[in-house]
Structures are given as C-alpha cells and as structure tokens.
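Chain by chain, the residues run as shown.
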Amino acid sequence: MAAMIKDYVEKCKTCLETQPAKKKEELLLKKVPEYPYQIVAIDLFHYGGEEYIVVADSFSGFFEFRRLRDTSSDAVVEFLKEQFAAHGCPEILETDGGPQYSSKVFSEFAKKWGFRQEKSSPRFPRANGLAERYVQIAKKMLRRCQREGEDVRHALVMARNTPKEGLDSPAERLIGWKTRNGLCAAKKLVTPETASTVASRIETERQQQKKYADRGAQTFKELSEGQRVMLQNPDGTWRSGGVKARKGSRSYIVALDDGRELWRNSHFLKPTNVTTTIIPDDYRRPVQMPETRLLQSSQSQFEALSAPEEQPQVPRDYSAVGEKPNSLPVQSQASSQNRSSLVEQPRSVVVVSGVPEGGRGDGPYIIRSGRAVKKPDRLDL
C-alpha cells in the first residue's frame, strides 16, 4: 500500500510542479592558485543609481572596483586592460554569463591577451562566488564612506593592507610588501618579503570554509546523459526534461519536453522516474494563431469597401487672380488618375480564417480597413 501511494505521488502532475526546492549540495572547492593574478574574477553591480565593476584576485584577495559609464563590452574591456597592464594577464578569468562577456569584442580580447574565460551557469551566482563576495564588500565600503563623508579610495588603501587571520594582507600577497599608509609607515613594514607558504595557507582557509558551508548539505550525485530530470523554474515550480550534455563540473544542458534547451546548475535539477511531460501552465508556449489566407477581392468588392467617396468639386473662378484654369489642377488631375488606377487594379485582402467577409452577425467581422474585429462580451443585466 505504501509503495502504491509513493508511486501515485511521484506521478502526480501538481505534486511534481510544486515540489520543494532541492537541498543544497556540498561545497565544491575551486583550484587554489599558485601565484598572484593567476585566477581573477569579475562582476558588475548596481549601487546608488550607478553601474560598477569589481575585479578580485583569488590568490591575494586584492580587489579593485570602479564606476562605469555604461555596461557595454567595450567599457568592461577597457577597465580590464588597465588592470592587466598594472598586474599582468591572468590564466583564468571567471565571469557570469552576462552579454558583456559573451560578445565578439570580449572573445577577441581574451584571445589577444591570452587568458581563458570560465563562465558560471545561469541563475546560480554562487558559482562565481569570489566576485560575488567582493561585490558585497564593495557595496559595504561605498555605503560606509558615503555615510561618514570619507574618500572611498582611502578606504581601499586601508583594506588592501589589512591582514586576515593566518594570511598576510592583500597587498603583501600580491606585490610582496605593504603599501605605505597612515597606519603603516615604518620602513621595515613596507620592505618586501617573499611569502612562500601562501598557497598552503589559502588551502587551509578554504577547507575551514567548506567545513561550515557543508553543514546540512547533501553529497553531489552526477547525472548521466539521457537521464530524466525535473528542472526548477525561477518561481519555484518544476518542469520535466532530460539531460543532454554536461557543461561544467556541476552544470548541465537540459532538453526540456517543450523542445527548448537550458543550461542549469545541478542545484536546480532533480532526478525523476516520471516519463510523462510536466509543464506548468505559466511556462507553456503560446498557441499558434491560425494560418491566414489571401483572398483576391473583385473590383466591385474593393470599390465597396475601400474606395473613397467622390467629393463634389466646386468650380473655381480663376479670373479674379489672373490664372488659367489649366495652370493649377495638375496635382488634382494626377490624384484622380491615381485613384482610378487603384480602383481598376484589384488588391489582396488578408482575411483570418473563420472570419466572415460580409455581415457583422454575432462573430468577428472585417471593417473597411481590412482589420478583423470581434464584438466584446458584455454583461447581460
């Protein structure tokens, strides 16, 4: 009996569409960089009615953000060129799937400057977690500086020289020494010193972060090509499909039952044994309108529907202005010829199938302009 109930629930369309969100998976640690500016992440953010861009180095934690004139690919590329000219070109640049990073301009920039771009899957900002974390830091810094009336650039200098527990400051990890500031002016503090154990310290820190992040998480289970899955929509409902291909370490291309293909992180995918099509009503494709047909109307029909009524012409007295009767009506004569030529040549009228050509009746009808009109449903009181 219990097995029958379970099978019934698993095949219930409403239950499948409105099932709860998938439980979080264990944290996937990314590669620990071996040297400064090897792996860099960027992201755009909006604050105070302005658009900003942030770039962060995974090895050192050194970050920079700046206001952009616009969020086009050209503006993003120009900003990155300045950063790479100062710190060197990275091996890997982590981005989300925004249009700025998918353009031909950005692709040519990556090829020319010699770095590999790694995109995170749509609707899953945690996949680009490094940039997202520094977006929050940048917003907090902007908010506090505005409230205190301080220069945000001075705050950046202080942040870059602040060490973390078990790690040197971002400036020390990037360039090998602290940069001079109001709190750090002694000569021995700004003298370069090579840190050979930075990578191992970063690994220790990340393992500690993973320990806390994995509390209550489930183990990641790989999905195979062709496997049936339920994909979660942005509104929390679910629809059915099948895994077409693997896109990244935890993201897949899913072929939905309505014919579309979406790229999603495994967080939004649940394996299922249901083979029927599950599509919430809000995500169904619009029904195609009936095909239209061209009907050649006769000359009499065209004249009855479209020909303008003939206006009586009032004779004009040209003697008062000294003009000849043939000097001005050239345009009028041409217009008359054009109207006659239009009437003589039948034109095609587009009629929606199922709409009567004549008579209004109770259903839809065609007005003189050729548009199909349907009477509104009125309340019969």
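This is a predicted model, so every value here is computed, not measured.

(A) Quick peek at the pattern of salt bridges. Within the structure shown, the criterion is met by 18 salt bridges. Between E17 and K13 there is a salt bridge, and its shortest N-O distance comes to 2.3 Å. On the criterion of helical spacing, the pair formed by E17 and K13 is a turn pair, its members being four residues apart in helix 2 (residues 13-17). Relative accessible area serves as the criterion here: at 32%, K13 is assigned to the partly exposed category. R116 is the salt-bridge partner of E118, the closest N and O atoms lying 2.9 Å from each other.

(B) Representation of the packing of aromatic side chains. All told, the structure shown has 14 aromatic pairs when counted by the stated rule. Taken together, a centroid distance of 5.2 Å and an interplanar angle of 10° make the contact between F45 and Y52 stacked. Since its relative accessible area comes to 6%, Y52 is described here as buried. Taken together, F84, Y101, F106, F109, W113 and F115 form an aromatic cluster joined through their ring pairs.

(C) Region of interest: the pairing of strand 2 (residues 50-57). With six of its eight residues buried, strand 2 lies for the most part within the structure. Sheet analysis places strand 1 (residues 39-47) next to strand 2, joined by eight bridges and oriented antiparallel. Across the sheet, residue I42 finds its bridge partner in strand 2, namely V55. Connecting strand 1 to the next strand, strand 2, in antiparallel fashion are two residues, including G48 with a positive phi near 60°. Pairing between strand 2 and strand 3 (residues 63-68): six bridges, direction antiparallel. Across the sheet, Y52 pairs through a bridge with R67, a residue of strand 3.

Calculation notes
- Residues numbered from 1 in each chain as written.
- Predicted model: local features only at pLDDT ≥ 70, side-chain atom pairs only at ≥ 80, totals over all residues.
- Heavy atoms only, no water.
- Salt bridge = Lys/Arg side-chain N within 4 Å of Asp/Glu carboxyl O.
- Helix = DSSP H or I, 4+ residues; strand = E, 2+ residues; numbered from the N terminus.
- Buried < 20%, exposed > 50% of the residue type's maximum accessible area, 1.4 Å probe, protein only.
- Phe/Tyr/Trp six-rings, centres within 6.5 Å; stacked < 30°, edge-to-face > 60°.
- Pairing = 2+ DSSP bridges.

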